[in-house]
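Inside the fold
Take a look at the letters that make up each chain.
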Amino acid sequence: MRLRVDLLPHGNYPDVVIIIDVLRATTTAVAYLERSAEALLLTATPEVALALRPEGESTPYLLGGERGGLPIPGFDFGNSPAEAAGQNFTGKTVVMNTTNGTGAAHTAAQSGKHVFLASLTNAHAAARRARAAATEEIAIVCAGTDNHVGLEDVYAAGVLAEYLLAMGEFSIDDGARIALTVRRNGGNPLEALGSSGHGQHLSRLGLGEDVRYAAGLSTSTIVPTLTRDDDTPEQTLKFIAG
Ligand SMILES: O=C(O)[C@H](CS(=O)(=O)O)OP(=O)(O)O
Ligand SMILES: [Mg+2]
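To start, this report covers the structure provided alongside it. Predicted model only: the values in this text are computed from it and were never measured.

Let us look at the side chain of Thr-121. Structurally, the position occupied by Thr-121 is in the loop between strand S7 (114-118) and helix H5 (123-133). Judged by its relative accessible area of 2%, Thr-121 falls in the buried class. If near-sequence neighbours (up to four positions away) are discounted, Thr-121 is found in contact with Thr-27, Val-30, Tyr-213, Ala-214, Gly-216, Ser-218, Thr-219 and Ser-220.

This is the structure we're talking about:
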């Protein structure tokens, strides 16, 4: 079995893909499902999300997303996992669009057989789920920020790689070696996230609580899992709790 880490989304994925966007999309996605959302719809653009909930019509959809870290006008929520963790989403489907994470999921879904979302908060469960589904390769894909490598995502990829290496035999690529090195030299999760450019950007925006929340290691067993069914709207990906 191959284990590879892409420091940014690219290339084809022949088997299992795990998308990581620790700050904050995949951490927030886990929080929504942890708080009983029925499903997540990750859209290609904010416009697709807004079109899913026509003005003045009541729908089971809530919209969550950001640009520049701040809520998109017309959306119900921004992209805060700490905020999501304080709500009850029973009976609701949350439609998400963010700067980096939702786009990475769309890239992966173009070829991946099995697509999962991972954060530090569900890292061990995500590793277990990926290991159970994989037959030839597990690709861990770091979303990064605006097409630049993000320390926080590489660190989390190293955490998942460590869990996977403890679960079985893998041949690893240099991306995985880099992620393992970052994990082993990056300190504890909060130190690693706090030292990242993105973590510092969020703290400057007054969103430091999200950084602390995202550093919670394996606090959830929920793994957002891509499901392909006929009633999924165009330009959206449907994830359910796996
Ligand atoms: O919401 C976020 O934290 C980021 C955007 S920014 O880097 O804060 O501007 O989006 P994500 O897609 O979660 O990386
Ligand atoms: Mg991010």
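What follows covers the coordination of the magnesium ion (ligand 2). Taken together, Asp-21 (OD) and Leu-23 (O) make up the full set of protein donors to the magnesium ion (ligand 2), lying 2.0 to 2.1 Å away. Like Asp-21, the residue Leu-23 is buried in the burial classification.

Here the focus is the packing of H5 against helix H6 (residues 151-165). Think of two packed helices as two axes; the pair is described by the angle between the axes and how far apart they sit. Close contact between H5 and H6 brings their axes to 9 Å; oriented N to C, the two are set at 50 degrees. The orientation of H5 relative to H6 falls into the category oblique. In the packing of H5 onto H6, the handedness of the crossing is right-handed. Counting all contacts with H5, which are made through Ala-123, His-124, Ala-126, Ala-127 and Arg-131, the residues of H6 involved are Val-159, Leu-160, Tyr-163 and Leu-164. Class assignment for the residues of the contact of H5 with H6 results in seven nonpolar, one polar and one charged.

Topologically, Asp-173 is positioned in the loop between strand S9 (171-172) and helix H7 (174-185). Overall, Asp-173 belongs to the partly exposed group, its relative accessible area being 27%. Linking Asp-173 and Thr-43, residues 130 residues apart in sequence, is a C-alpha distance of 31 Å. Dropping the residues within four chain positions of it, Asp-173 is found in contact with Leu-3, Arg-4 and Val-5. Within the structure, the side chain of Asp-173 is placed 3.3 Å from the backbone nitrogen of Val-5, a separation counted as a polar contact. Side-chain polar atoms of Asp-173 contact the backbone nitrogen of Gly-175, separated by 3.2 Å.

Our focus in this paragraph is the pattern of salt bridges. Applying the stated criterion across every chain, the model contains 11 salt bridges. Close ionic contact of Glu-137 with Arg-4 constitutes a salt bridge, the shortest N to O distance being 3.2 Å. Residue Glu-137 is located in strand S8 (residues 137-142), and its partner Arg-4 is located in strand S1 (residues 2-6); the two are separated by 133 residues in the primary sequence. Glu-137 gets classed as buried once you look at its relative accessible area, which sits at 5%. Measuring nitrogen to oxygen at the nearest pair gives 3.9 Å for the salt bridge that ties Asp-231 to Lys-238. Residue classification places Asp-231 among the exposed residues on the basis of a relative accessible area of 57%. The exposure class of Lys-238 is buried, given its relative accessible area of 18%. Overlapping salt bridges bring together Arg-2, Arg-4, Asp-6, Glu-136 and Glu-137 as one network.

About the thresholds
Residues numbered from 1 in each chain as written. Chains lettered and ligands numbered in written order. Predicted model: local features only at pLDDT ≥ 70, side-chain atom pairs only at ≥ 80, totals over all residues. Heavy atoms only, no water. Helix = DSSP H or I, 4+ residues; strand = E, 2+ residues; numbered from the N terminus. Buried < 20%, exposed > 50% of the residue type's maximum accessible area, 1.4 Å probe, protein only. Contact = heavy atoms within 4.5 Å. Donors = N, O, S within 2.8 Å, 3.2 Å for Na, K, Ca; no water. Axes fitted to C-alpha atoms, helices over the stretch in contact; angles between N-to-C directions. Parallel < 35°, antiparallel > 145°, perpendicular 65-115°, else oblique. Left-handed = near helix turned anticlockwise from the far one by under 90°. Nonpolar A, V, L, I, M, F, W, Y, C, P; charged D, E, K, R; others polar. Polar contact = N/O pair within 3.5 Å; in protein donor to acceptor, adjacent residues only side chain to side chain. Salt bridge = Lys/Arg side-chain N within 4 Å of Asp/Glu carboxyl O.

Function-wise, these values are silent; they only describe arrangement.
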